[in-house]
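Residue strings, one per chain:
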Amino acid sequence: MKLLFFIVNTKAGNGKALKLWERMKVELEQQKINYRSFYTKYPTHAEELARQIGSMFDDKIEAVIAVGGDGTIHEVVNGMVDYPQVKVGYIPAGSGNDFSRGFSVPKAPFDALRFIVKNRHRKGRLFDIGKTRVRGVTKSKYFVSSLGTGFDAAVSKLTNESKMKKYLNKIKLGSLAYVGAVFRVLFTYKLTDVTIEIDNQTIHYNKVWFVTVSNQPYYGGGMKIAPKASPRDGLFDVTIVHNLSRIKLLLVFLTVFLGKHTGFKEIVQHKGAKISIQSNTKMLVHADGELVGQLPVQAEVQHQKISFLVK
Ligand SMILES: Nc1ncnc2c1ncn2[C@@H]1O[C@H](COP(=O)(O)OP(=O)(O)OP(=O)(O)O)[C@@H](O)[C@H]1O
């Protein structure tokens, strides 16, 4: 008998994931579904739990399901890369949930649960992920949606360090911490020169705001940063935003949710399977919104590496 294994991020969506999961358990028990659940106790725990489940229960696993946001599916995929025969699923219960936008997961959490239950015996679909190495970190990391450096990574850092965040989360205004950080970084961020190698072609860009390497179109909570990206084509879409004023960046910010920002001449897009980014200036790097280190960074497509239980 095979089981569904759920890894629940107790902190995702400001605690929303845990509340949802309590109701989901009732539904699973009413339907007599065989499952086990595990709760995260600290950051990176979802990755450890996934790896332990993969190694201990290998032949008993129907699928491993991440319950949380983009950080949770990021960690679960990092834990499951050595078990490519195991299907991975996702229940969107975080604050952003870009994974569900780009990988055809039902948007409503209970619809996602019902989809998983109904299709649990089905074969998964193979998707690309990215493998990355950053300066000073010996172990490779994997990302499912995007990797980025510059302005957006600086915003992630400031949001996470914000003393106000905990308080704002408590009164359900956590996203204000993010907006506050965007504005603080917008007026203080120093533009940098960046050199990017895309499949052995080297390109130099001046006054760069940020570079994003996308495996799927969405990032940052619904921004359609790389409208043509596909997680099945064996290629990344690289977006470079450079040489534009702070005011024009705000304008870009308003258009990016519809994917209409690509008309601006300051936004350049390339496709490639092997990317490296470097700069003379210290620049932070995020993978799926989680800070992973600093430049230089390399990213390589791992074609059809993970089997997702998605539509
Ligand atoms: N028990 C825990 N205590 C503290 N942090 C945790 C715990 N469990 C997981 N985390 C961390 O929570 C972070 C946020 O998780 P996640 O990104 O899934 O949720 P979110 O921020 O609400 O959603 P999204 O990224 O989609 O906006 C991750 O960096 C993860 O490492």
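Not measured: the values here are computed from a predicted model. Every residue gets a number counted from 1 within its own chain, in the order that chain's sequence is written. This being a predicted model, a pLDDT of at least 70 is required before a residue's local features are given, and a value of 80 or more before pairs of side-chain atoms are given or counted; all residues contribute to the totals for chains, interfaces and linings.

Quick word on the overall build of the protein chain
How we decide: Going along the chain from the N terminus, every DSSP run of H or I of four or more residues is numbered as a helix, and every run of E of two or more is numbered as a strand. Every radius of gyration here is taken over C-alpha atoms, with the globule rule written as 2.2 Å times N^0.38, N being the number of residues. Here contacts are defined at the residue level, using C-beta atoms placed from the backbone and a cut-off of 7 Å between them.
Counting its regular elements, the protein chain contains nine helices and 15 strands. For a compact globule of 311 residues, the expected C-alpha radius of gyration is about 19 Å, and the protein chain comes in at 19 Å, within 12% of that figure. Expressed as lengths along the three principal axes of its C-alpha atoms, the size of the protein chain is roughly 60 × 45 × 35 Å. Here the contacts in the protein chain between residues at least 6 apart in sequence split such that 73% fall between residues at least 24 apart.

Section: the environment of Asp-70
Residue position: Asp-70 is located in helix 3 (residues 70–80). Residues Asp-70 and Ala-12 lie 58 residues apart in sequence; the distance between their C-alpha atoms is 9.1 Å. Contacts of Asp-70, omitting those with residues within four sequence positions, involve Gly-94, Gly-96, Asn-97, Asp-98, Phe-99, Ser-145, Asp-288 and Gly-289.

A short note on the pairing of strand 7 (residues 146–150)
Our working rule: Neighbour counting defines burial: a residue surrounded by 20 or more other C-beta atoms within 10 Å of its own C-beta is buried, one with 12 or fewer is exposed, and intermediate counts give partly exposed, using backbone-placed C-beta atoms. Pairing between two strands requires that DSSP report at least two bridges joining them.
For strand 7, the tally of buried residues reaches five of five residues, placing the bulk of the element in the interior. By the bridge criterion, three bridges tie strand 7 to strand 13 (residues 284–287) in an arrangement that is antiparallel. Bridged to Gly-148 within strand 13 is His-286.

Topic: the domain arrangement of the protein chain
For the record, the criterion: Delimitation of the domains relies on an automatic or database domain assignment. Under the scheme applied here, ten amino acids are nonpolar (Ala, Val, Leu, Ile, Met, Phe, Trp, Tyr, Cys and Pro), four are charged (Asp, Glu, Lys and Arg), and all others, including Gly, are polar.
With domains assigned, the protein chain is organised as domain 1 (3–123) and domain 2 (131–304). On a C-alpha basis, the centres of domain 1 and domain 2 stand 26 Å from each other. Taken together, the 15 residues of domain 1 in the interface contact 20 residues of domain 2. Secondary-structure elements contributing two or more residues to the side of domain 1 that touches domain 2 are helix 3 and helix 4 (98–102). With six residues, the single largest contributor to the side of domain 1 that touches domain 2 is helix 3. Partitioned by chemical class, the residues of the side of domain 1 that touches domain 2 number five nonpolar, seven polar and three charged.

Here's the deal with the nonpolar core
In plain terms, the rule: To count as a nonpolar core, a set of buried Ala, Val, Leu, Ile, Met, Phe, Trp, Tyr and Cys residues must be joined through C-beta atoms within 7 Å.
Counting 76 residues, the largest nonpolar core has Ile-7, Val-64, Ile-65, Val-67, Val-76, Val-77 and Val-88 as its most contacted members. Among the elements that line this core, the one with the most residues is strand 3 (residues 61–68), at six residues. A domain-level breakdown of this core finds at least three residues from each of domain 1 (3–123) and domain 2 (131–304). Residues contacting Val-88, with those up to four places away along its chain left out, are Ala-63, Val-64, Val-76, Val-77, Met-80, Ile-306, Ser-307, Phe-308 and Leu-309. Formed by seven residues, the second largest nonpolar core is a distinct cluster that contains Tyr-218, Tyr-219, Ala-229 and Val-256.

Re the site of the ligand
For clarity, the threshold we go by: All residues are tested the same way: a C-beta atom is placed from the backbone, and lying within 6 Å of a molecule or strand makes the residue near it.
Of all residues adjacent to the ligand, which total 24 residues, the nearest are Pro-43, Gly-69, Gly-71, Gly-94 and Gly-96. When the residues that make up the shell around the ligand are grouped by side-chain class, the tally is three nonpolar, 16 polar and five charged. Among the domains, domain 1 (3–123) and domain 2 (131–304) are the pair contributing at least three residues each to the shell around the ligand.

Considerations on helix 1 (residues 16–30)
Since the α-helix turns once every 3.6 residues, residues separated by three or four places project in the same direction. Under the convention used in this document: The span one expects for a helix is its residue count, reduced by one, times 1.5 Å.
Compared with an ideal rise of 1.5 Å per residue, which puts 15 residues at 21 Å, helix 1 spans 22 Å between its outermost C-alpha atoms and is within 8% of the ideal. For helix 1, the secondary structure elements touched by its buried residues are strand 1 (3–8), strand 3 and helix 5 (109–119). Looking one or two places after helix 1, you find Lys-32, whose phi comes out positive at around 55°.

Description of the pairing of strand 1
Counting buried residues along strand 1, five of its six residues qualify, which places the element largely inside the surrounding structure. By the bridge criterion, six bridges tie strand 1 to strand 3 in an arrangement that is parallel. From the neighbouring strand, Leu-4 faces strand 3, where its bridge partner is Ala-63. Across five bridges, strand 1 lies against strand 2 (residues 35–39) in parallel orientation. Note that in strand 2 the partner of Phe-5 across the bridge is Arg-36.

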